[in-house]
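# Working through the structure, step by step
Chain residues, written in single-letter form:
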Amino acid sequence: MGDTTRRRAPWVTALAVTVVLLAQPALADEGLATGATSRYVLDAKRTTVEATVRIELRNVTPDQGNTYYFYNAFTVPVPAGAEKVRARSNGSSLPVSVKSTEDASTRLARISFPNLLYNRSRTIELTFEVPGEKPRSKDTTRVGPGYASFAVYGVGDDGRNTVEVVAPTSMSFDATSEAFTSTEKGGTTTHRSTSSDGDGGFFAVVSLRDPKQADERTVEVAGTALVLRGFRDDTKWADFVADRVTTGIPALEKLVGTPWPGGLERIREDTAPSVYGYDGWFDPSDDEIVVGEALDADLIYHELSHAWLQGDRFSERWVSEGLAQVVAERAVEATGGTPQDHPRVTPGSKNALPLNEWGGSASDRSGDIESFAYPASYLATRDVTRGLDDDAFAAVVAAAIRGERAYDPKGTRDTDGGRTTWARWLDLLETRAGVEDASTVFARWALTDDERESLPVRAKERTAYAALDEADGVWSPPEGLRDAMTAWDFERAASVRAKVAALGAKAVAVQQAAKGSGVEVPDVIRASYEKADQEGQYAALSASLPKAATAVSEVGRAEQAASTDRDPLSELGAAILGVDGRAVEAVGLLGAGKLDEATAAAKDATARADKSLLVGLALPVVLFVLLAGGLLLARLVVTSRRARAARRAQERQRLLDASGGGVVVAPDWTPERTI
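First, a word on scope: everything that follows refers to the structure included in this document. This structure is a prediction, so every number in the text was calculated from the model and none was measured.

### Points about the packing of helix α5 (residues 317-334) against helix α7 (residues 390-402)
Each pair of packed helices gets described by two things: the angle between the helix axes and the distance between those axes. The geometry of α5 relative to α7 is characterised by a closest axis approach of 13 Å and an angle of 150° between their N-to-C directions. When the axes of α5 and α7 are compared, the pair comes out roughly antiparallel. The interaxial crossing formed by α5 with α7 has left-handed handedness. For the pair formed by α5 and α7, the contact residues are Leu-323, Val-326, Val-327 and Arg-330 on the first element and Asp-390, Phe-393 and Val-397 on the second. Within the contact of α5 with α7, the residues separate by chemical class into five nonpolar, no polar and two charged.

### Section: the sheet that holds strand β2 (residues 32-43)
Spatial ordering of the open sheet is given by β6-β5-β9-β3-β2-β12-β15-β14, a layout of eight strands whose pairing is mixed. What marks the edges here is a single partner per strand, and that holds for β6 (92-94) and β14 (181-185). In this sheet, neighbouring strand axes are inclined to one another by 20° on average, regardless of whether the strands run parallel or antiparallel. Here five bridges tie β14 to strand β15 (residues 188-193), and the two strands are oriented antiparallel to one another. Across the sheet, residue Thr-181 finds its bridge partner in β15, namely Arg-192.

### Some points on the pairing of strand β7 (residues 96-100)
As defined by bridge partners, β7 adjoins strand β8 (residues 106-116) across five bridges and the pair is classed as antiparallel. Residue pairing in the sheet places Val-96 in a bridge with Ile-111 of β8. Hairpin remark: β7 followed by β8, antiparallel, with five residues in the connecting loop.

### Some words on unusual backbone geometry
A positive phi angle, close to 50°, is found at Thr-47, a residue other than glycine. By the secondary structure assignment, Thr-47 is in the loop between β2 and β3 (48-59). The backbone of Arg-136 sits at a positive phi, close to 70°, despite the residue not being glycine. Summarising the element assignment, Arg-136 is placed in the loop between β9 (121-130) and β10 (142-144).

### A word on the packing of aromatic side chains
Scanning the entire structure with this criterion turns up 16 aromatic pairs. Between Tyr-147 and Phe-231, the aromatic rings sit 3.6 Å apart at their centres with planes inclined by 5°, giving stacked as the arrangement. With Tyr-147 in strand β11 (residues 147-154) and Phe-231 in the loop between β18 (224-230) and α2 (235-256), this residue pair connects regions lying 84 residues apart in the sequence. Take Tyr-147: its relative accessible area is 2%, and that puts it in the buried class. Judged by relative accessible area, Phe-231 falls into the buried class, the value being 3%. Consider the rings of Tyr-278 and Tyr-374, whose centres lie 6.3 Å apart with planes at 75°: the pair is edge-to-face. Residue Tyr-278 is found in strand β20 (residues 278-283), and its partner Tyr-374 is found in helix α6 (residues 367-385); the two are separated by 96 residues along the sequence. Residue Tyr-278 is classed as buried on the basis of its relative accessible area, which comes to 4%. Its relative accessible area of 9% is what places Tyr-374 among the buried residues. The ring of Phe-240 carries Arg-244 above its face, with NZ or CZ at 5.2 Å from the centroid. Note that Arg-330 overlies the ring of Phe-393, its terminal NZ or CZ placed 4.2 Å from the centroid.

Thresholds applied
Residues numbered from 1 in each chain as written. Predicted model: local features only at pLDDT ≥ 70, side-chain atom pairs only at ≥ 80, totals over all residues. Heavy atoms only, no water. Axes fitted to C-alpha atoms, helices over the stretch in contact; angles between N-to-C directions. Helix = DSSP H or I, 4+ residues; strand = E, 2+ residues; numbered from the N terminus. Parallel < 35°, antiparallel > 145°, perpendicular 65-115°, else oblique. Left-handed = near helix turned anticlockwise from the far one by under 90°. Contact = heavy atoms within 4.5 Å. Nonpolar A, V, L, I, M, F, W, Y, C, P; charged D, E, K, R; others polar. Pairing = 2+ DSSP bridges. Phe/Tyr/Trp six-rings, centres within 6.5 Å; stacked < 30°, edge-to-face > 60°. Buried < 20%, exposed > 50% of the residue type's maximum accessible area, 1.4 Å probe, protein only. Lys NZ or Arg CZ within 6 Å of the ring centre and 35° of its normal.

As structure tokens, then:
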């Protein structure tokens, strides 16, 4: 059935014990040898069980003198609703009287016969029919379309006792006893036991079910479709479960602080849980919830909550079962219902054990242990969470489901992906939810003697841890310390704490520098502190944190200098000097964790900003000088050109005059046509 979570039905254990006692052949003792074959045949068409009990009796009590020992009656347990109870022997009918017992599901059929003297034998055949009762009747015998659940009895001595259950092969078979073997022939299967319960006789409750015969419907909720499979003659169950699922899942989502996780395909009505002593179970291997016929909202919510609170999320069974019941109880209240009463147990009750020792072995699942462990798990969990409102409750439960560590920042995923152990659950309750007496409750209900011995040391280290956590500001202590505290390795925790204690003030200096300068501490700097888990890293932080504080302060000053409102001349100077670009460069270097480079760039940006006015003032002067010089040079060039032109004109005129109007070629003059 895989990793199955179940809720115990405590009344079933009491019922089983009562019936076993009644099943002992009360009128058969060491002086009466008894052999018996009890055969129960399910007639699926008539929805009836036909039973035949063949009994062989022999008086083995010798006479003593004038004293004769004889037997004249024999008592056989039968289902309370048995009809047509008849007995025959040697071809004749025998008187049968039936009387009730303290168990609503069982009656006693007393068969009378003539005195059976010493060394005499008698064979008796008892027959009866079991029609079954309606769902939710006090008599738990059921025989309906496609299902049946009833008690079977063997009244023979050890080695002379056979019980057979015959049913269609299409029907699954469950029983409280593992002694049955199955043989298929044709369309039927015979489930046979030749076992006895030790003191003679045999008792078991069996369940039969045909998966193909069900009233099936689909419910849409939380973005998923759930199939409900109920008995064909019990539509009231399906109506009830459909309503509870529709209103319950949204309420459960709020109570566990996590959306519906899926992993559930159907909810099935079955008599099998009661056979094993449970109200129901959640079976993740088959993606289904299996419950009995009870219209129990608490039960439905309990099993639905296991979609979140599975064994793959919690190491200890009592934690997941206790949480499931407390969540169910809160869900009942949230949806307007009234929570049911639970059995009262104490750590001193019979069959009590430290809940941390309640596991999944066969011995741990015995009725005696589970009759204590289930209610104890609920009471312990209720005690540690009763002071939490629904929001606080949901927050701590969600953290446990996600596997968070109490000493990490909220929402941090555990990279190891481990299950939440009882120790982690205790840490979450005390650290995240502030439940001050959680360790006291754990010590009372769950812890072994050795585990309780660790609590004083833990309390001391938690106090020291809290002081260190306070001393380093809003940052979390280094990973090496948080890991040691999570692992309850308090010797290592003390050693790490001694190495990192002096770093707290330096971490605060970085935070104060950031606050004073308006700069956020880069993730890389904070992570270098919070993720440190080796001695070399602790030593390096002693030097890097002061550098970080300096760098943060200098970058803050540089950003302030770069963003300050300036007059036009200063703005001009800052642009020429690249103040903004240098400040941005400093921020980038700080974000990359390059502290020395960031400090240098930030100081340079600040220094440039300080010179921006001078540069802004100097630029107009330089521009004026350059402009004036340019104008003077241009004037000189123009004057020179004009003088050269005048000289060339005078020279041409002189030559013309000398040539009488002809063409004269001068070495520095381009020939021209003259008129």
